[in-house]
Amino acid sequence: MGTPSLSPWAVLVLTPVLLGLWAPCVVSRQPNFIVILADDVGWGDLGANWAETKETPHLDQLAAEGTRFVDFHSAASTCSPSRASLLTGRLGLRNGVTHNFAITSLGGLPLNETTLAEVLRGAGYSTGAIGKWHLGHHGRHHPSSRGFDFYFGIPYSHDMGCTDTPGYNLPPCPPCPRHGPAARVVGKDCYTEVALPLFENVTIVQQPVELGSLARRYAEEAARFIQRASDSGRPFFLYLALAHMHVPLTPPLPPAPGRGVYGASLSEMDVLVGRIRELADSLGKGSTLLWFTGDNGPWAQKCELAGRLGPFVGAWQRQRGGSSAKQTTWEGGHRVPALVYWPGRVPAGRTSHALLSVLDIFPTLVALAGAALPPSRRFDGLDVSPVLFGWSDVGHKVLLHPNSGAAGKVGAIEALRLAQYKAFYTTGRGAMACDGSTGPAERHQPPLVFNLARDIQEQEPLDVASQEYQAVLPAISSAYAQALQDIAADNVSVADYSQDPAAIPCCNLQHVGCRCRGAHGARRDPHVEKGTPRLCL
């Protein structure tokens, strides 16, 4: 296994004519890449997808001037595994990241996994990451050691630490303590003892973070990074992992009537994306590919602070209790909005129904940059350049959906998509609905099978005795067995999920909550390992 290969079920079909078109269309100049990843955004959170949504005029304009992908999926339905798959082109069972990392995590994305940033930097790109990382922050797992020339952001979710002006949450969380030890908040998902850090490269520049100014600061840092790269004459890759829409930040203005807190935060995200698009266009239209998508579906247990599923409600599960969104393998958990904007290259005003995934970003950008895939491993993503360019509308033949915190083993393949059919081997338990229910854990053998072409709400599985079920089951069973065999034969990695309080980012050990006294924090060495003061020098 000395050369990279695509998994045998990841198939992109091209006719000889299209292959002839593709071969000479080598991009003469390496394009710039901007990948914007929203957090916990719903498929229905874009007005271009869902008419009830009115807060996204900039994203809707991107859709009108680019291509909208309506059957696009995250590689997992929770934070760390989805992000690891984006940056490696590999599912969690291959890259080792099967569930989320903690603020005390010693490990992260395994060091033997090659990131997209590392490949592109080797191809001459200036690489920058802004925003949420959540792939390990201790030692060599920090983004500055994973191929990024520049990093500015929060190393995990923005609710994984206290702030002086807490954002919205359900239930609400208290501000950071200032004088005495923090009171533990029983029964709430609140981090009360350590302030949320903001990094610039390996320096904590603010702790706790001021959430109200975060969107503005991300836009400013993106502009600076793009300007520096432009001045250097090098192409750039900017990975912008937004804090929106996980739980709403503190909006700069009160929510407008009728929109609510979530709508105001969605509008703020939309304005930020519009600003990034302006930056891309300022370099000359056609020089920069912008790809917008999400890491997974909405966080249903946050109720009115969660996003919109659109039609993907997972009705079968909801009838039994529990969520059908984030952490689940129902469509609402992993079908995410996706837009690609590249004037003169990607057709404007087009809607694609190709079955695509966040996994495809890695091999596609590597190909467009004229680089090579890392050797000695297999990839679940495809180079979908022909689909982006409008030459084809065929993507994956089979797409695998791992368990991301619901019933079953984390990372295990619990659902599978084959053409219009969706098969479930495990459902229920773990993902909480707004009403607090999780639903019973159920194993399905033979699997539940839905025909999404006529049942997009996943309401009524096929009757196992029906002719349709019996006709499709052999293909589903074969694809499932082949997928597991392929993963077992691959060069797989194992992530270190061990924890130690010494791994918590802290710019001032002597101050309550690790609060920085100065404006610039304390510089630390990214290669400092366990046994040194908590990432502080």
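Structure: above.
Cut-offs and rules
- Residues numbered from 1 in each chain as written.
- Predicted model: local features only at pLDDT ≥ 70, side-chain atom pairs only at ≥ 80, totals over all residues.
- Heavy atoms only, no water.
- Pairing = 2+ DSSP bridges.
- Helix = DSSP H or I, 4+ residues; strand = E, 2+ residues; numbered from the N terminus.
- Axes fitted to C-alpha atoms, helices over the stretch in contact; angles between N-to-C directions.
- Buried < 20%, exposed > 50% of the residue type's maximum accessible area, 1.4 Å probe, protein only.
- Contact = heavy atoms within 4.5 Å.
- 1 Å grid on protein atoms, 1.4 Å probe; cavity = no way out; pocket = protein on both sides within 12 Å on 5 of 7 lines; lining within 4 Å.
- Points joined across faces, edges and corners; volume = space filled by probe spheres on them.
- Nonpolar A, V, L, I, M, F, W, Y, C, P; charged D, E, K, R; others polar.

*Asks:* Tell me about the sheet that holds strand β15 (residues 398-402), and name the residues and values.
*Replies:* Taken together, the four strands give an open sheet; going across it, the order is β15-β16-β17-β18, and neighbouring strands pair in antiparallel fashion. Where the open sheet ends on each side, the last strands, each with one partner, are β15 and β18 (442-451). Mean inter-strand twist for the sheet, computed between neighbouring axes without regard to direction, equals 15 degrees. Note that strand β16 (residues 413-418) and strand β17 (residues 421-427) share four bridges and pair antiparallel. Residue pairing for β17: L416 is matched across the bridge by A423.

*Asks:* So what about the sheet that holds strand β3 (residues 67-69)? Which residues, and what values?
*Replies:* Spatial strand order, β8-β7-β6-β5-β9-β2-β10-β11-β3-β12: 10 strands in an open sheet with mixed pairing. Of all strands in the sheet, those with a lone pairing partner are β8 (203-206) and β12 (350-352), marking the two edges. Across the sheet, the mean angle from the axis of one strand to that of its neighbour is 20 degrees, orientation sign disregarded. Summarising the sheet, strand β2 (residues 32-38) and strand β10 (residues 288-294) pair through seven bridges and their orientation is parallel. In the strand pairing of β10, A38 is matched with G294.

*Asks:* Before we move on, can you summarise the side chain of S357 with the specific residues and values?
*Replies:* Residue placement: S357 occurs in strand β13 (residues 356-357). On the accessibility criterion, S357 (1% relative accessible area) is buried. For S357, the contacting residues outside a window of four places in its chain are F72, H73, A75, H396 and L399.

*Asks:* Just give me the short version of empty space enclosed by the protein, but keep the residues and values in it.
*Replies:* All told, the structure shown has eight cavities of 30 Å³ or more when counted by the stated rule. By volume, the largest cavity is sized at about 140 Å³. Residue lining of the largest cavity: 16 residues in total, with H158, D159, G161, G167 and C173 positioned closest to the centre. Class assignment of the residues belonging to the lining of the largest cavity gives a composition of 10 nonpolar, five polar and one charged. In this model, the second largest cavity occupies a volume close to 100 Å³. Lining of the second largest cavity is provided by 16 residues; of these, T328, T329, A406, T427 and G428 occupy positions nearest its centre. Looking at the lining of the second largest cavity element by element, the count peaks at three residues for β17.

*Asks:* Lay out the layout of surface pockets with the relevant residues and their values.
*Replies:* A volume near 520 Å³ is recorded for the largest pocket. Taken together, 25 residues line the largest pocket, and the ones lying closest to its centre are N100, M160, Y191, W299 and Q327. Considering only residue class, the lining of the largest pocket consists of nine nonpolar, 13 polar and three charged. The computed volume of the second largest pocket comes to approximately 340 Å³. What lines the second largest pocket is a set of 18 residues, among which A300, G307, L309, R318 and A325 lie closest to the centre. In terms of residue class, the lining of the second largest pocket is made up of 10 nonpolar, five polar and three charged.

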